[in-house]
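Given next are the chains, with one letter for each unit.
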Amino acid sequence: MCNVIPKHSPQEIPNHLNAGRTNRWLVALYVLCLLPLSIDGFGINYLFALIPGGVLISGGKLIRPKDDVVLFIFACVAVFSISSLYQVGWIEFFDRRFVSFILFMTMVFLCFVKLTEKHIASFKVAVLIAGICASMQSLVMFVALGAEAQAFESKDIIGSQRYGFVYILAFWILWYDTSIFKSRLVKLAYLLVITLGISL
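Rules of the game
- Residues numbered from 1 in each chain as written.
- Predicted model: local features only at pLDDT ≥ 70, side-chain atom pairs only at ≥ 80, totals over all residues.
- Heavy atoms only, no water.
- Axes fitted to C-alpha atoms, helices over the stretch in contact; angles between N-to-C directions.
- Helix = DSSP H or I, 4+ residues; strand = E, 2+ residues; numbered from the N terminus.
- Parallel < 35°, antiparallel > 145°, perpendicular 65-115°, else oblique.
- Left-handed = near helix turned anticlockwise from the far one by under 90°.
- Contact = heavy atoms within 4.5 Å.
- Nonpolar A, V, L, I, M, F, W, Y, C, P; charged D, E, K, R; others polar.
- Core = buried A, V, L, I, M, F, W, Y, C linked by side-chain atoms within 4.5 Å.
- Buried < 20%, exposed > 50% of the residue type's maximum accessible area, 1.4 Å probe, protein only.

Packing of helix α7 (residues 164-176) against helix α8 (residues 184-199) leaves a shortest axis separation of 9 Å and a crossing angle of 160°. Judged by the angle between their axes, α7 and α8 are roughly antiparallel. Here α7 runs over α8; the crossing is left-handed. Across the interface between the two elements, Tyr 167, Ile 168, Ala 170, Phe 171, Leu 174 and Trp 175 from α7 touch Lys 187, Tyr 190, Leu 191, Ile 194, Thr 195, Gly 197 and Ile 198 from α8. By residue class, the composition of the contact of α7 with α8 is ten nonpolar, two polar and one charged.

Here is the structure:
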C-alpha cells in the first residue's frame, strides 16, 4: 500500500546505517514516534502522523496513493459521514468521534509520500536507538528495585509487553545488518542488552 523506491539490486544492498544515507531530523522524528507515551493506560503518541511532513521537508514529494487505498479512504469517510447523520443520539460526542476518526485515518498518511532508502535507513537507526535506550532503562529499573521488589508486580513495573515489538525489531536489525557495527564485540554487547530487555 505504501511506496518504497528500491535503488539497488539484492546483490548491491547498501550500508543503511551509513551517515550519508540517513537524515538526523528523520531519525529524531522516528525516535519520538517510538516513545511509549500514555495516560491512564491509553497511548497518546500519534506523532507518526507527522512523518509525511518530515519526508517532504527532507526532499520527498506527495504522490497519489494506489486505487485500493483511495477506495478505502472514501469508504471510511462515507461510513463516518452517514453514521454521523443518523446517530443523532451521539451528536454531543461528535467532537470526540471526529478526533478518533482522524486518528484512525492517520494509518494511511504514509501512502501519500515516497519512501526512499534514506527514510528506511533513518527508521532503522531510530529503532535501534529506541530499543537500546528502552532496554537500558528496564535494566536500570530492574537493578534499582532490588531483591525486595522482585515479586509478581515487577513485571508490571518494568515489563516490555507493550514495547516488545520494538525490542524484537531492533534485535533482528542488529542480527542481520552486518554493516551496523565494525566491532563484533560491540554488536554482541548490544544484542545482549536487547535480549535482556525482551526477557524483562
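Continuing now.
Turning our attention to the nonpolar core. Counting 27 residues, the largest nonpolar core has Tyr 30, Leu 34, Ile 51, Val 55, Ala 126, Tyr 163 and Ile 194 as the members making the most contacts within it. Breaking this core down by element, the ones donating at least two residues are α1 (24-34), α2 (51-57), α5 (117-145), α7 and α8. Once residues within four sequence positions are removed from consideration, Leu 34 is found in contact with Asn 45, Ala 126, Val 127, Ala 130, Tyr 163 and Val 166. Membership of the second largest hydrophobic core comes to eight residues, among which are Val 69, Phe 80, Phe 101 and Cys 111.

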